[in-house]
Amino acid sequence: MIPVFTGMTISTETPTQSIVEFFSIKDSSDLNFLKTLQTIFDTSEQALFQLSSEQETSILIGRKQIGAKEFSKNEVVISEMKEWLTKK
């Protein structure tokens with residue numbers, strides 16, 4: 001079995017089980033169930049992090065940069081870093 005990261009826990013269920021559960025939830029038509037899940041996700045995310053106003057501002061700036069496509073792909077950054085390190 002492959003450990004699967006699911007939010008705050010690591011599970012040892014197979015990826016297939018996780019996918020089946022995901023689609024079962026995704027395809028659910030039980031509105032109360034879905035609202036309950038949404039509430040759990042909303043409150044758990046808020047309780048996970050206590051950010052300073054400076055951190056919140058940095059996150060907002062980063063999200064705006066991503067929205068404006070002002071970022072570099074990871075592969076490009078790593079390639080440039082390796083090139084720079086070989087010159088040193």
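Not measured: the values here are computed from a predicted model. (Residues numbered from 1 in each chain as written. Predicted model: local features only at pLDDT ≥ 70, side-chain atom pairs only at ≥ 80, totals over all residues. Heavy atoms only, no water.)

Trainee: What exactly am I supposed to notice about the confidence of the model for the protein here?
Mentor: When pLDDT drops low, the exact placement of atoms in the prediction is not to be read closely. The predicted model of the protein averages 75 in pLDDT, with 64% of residues at 70 or higher. Ignoring residues within four places in sequence, the model shows residues 1-10, a span with pLDDT below 50, making 20 contacts including any to other chains. (pLDDT = per-residue confidence, 0-100. Contact = heavy atoms within 4.5 Å.)

Trainee: Explain helix H3 (residues 53-67) here, please?
Mentor: The α-helix advances 3.6 residues per turn, and as a result positions three or four apart in sequence lie on the same side. Along its 15 residues, H3 runs 21 Å from first to last C-alpha, staying within 8% of the 21 Å computed at 1.5 Å per residue. Positive phi appears at Lys69, one or two residues downstream of H3, with a value of about 60°. (Helix = DSSP H or I, 4+ residues; strand = E, 2+ residues; numbered from the N terminus. Expected span 1.5 Å × (residues − 1).)

Trainee: Would you mind going over a nonpolar patch on the surface with me for this structure?
Mentor: Together, Ile78, Met81, Trp84 and Leu85 give the surface a local cluster of nonpolar side chains, amounting to about 400 Å² of exposed area. Within the secondary structure, Ile78 is located in helix H4 (residues 74-87). Its relative accessible area of 34% is what places Ile78 among the partly exposed residues. (Patch = residues over 30% accessible without salt bridge, like charges linked within 9 Å, V, L, I, M, F, W, Y side chains within 5 Å. Areas by Shrake-Rupley, 256 points an atom, 1.4 Å probe, with all protein chains shown as cover. Salt bridge = Lys/Arg side-chain N within 4 Å of Asp/Glu carboxyl O. Buried < 20%, exposed > 50% of the residue type's maximum accessible area, 1.4 Å probe, protein only.)

Trainee: Even after reading the chapter, I still don't get the pattern of salt bridges, so can you show me in this structure?
Mentor: Think of it this way: side chains of opposite charge can pair up when their charged atoms draw near. All chains considered together, the criterion is met by 1 salt bridge. Between Glu83 and Lys87 there is a salt bridge, with the nearest N and O atoms lying 3.5 Å from each other. Linking Glu83 with Lys87, this pair stays in helix H4, spanning 4 residues, or about one helical turn. On the basis of relative accessibility, which here comes to 46%, the residue Glu83 falls in the partly exposed class.

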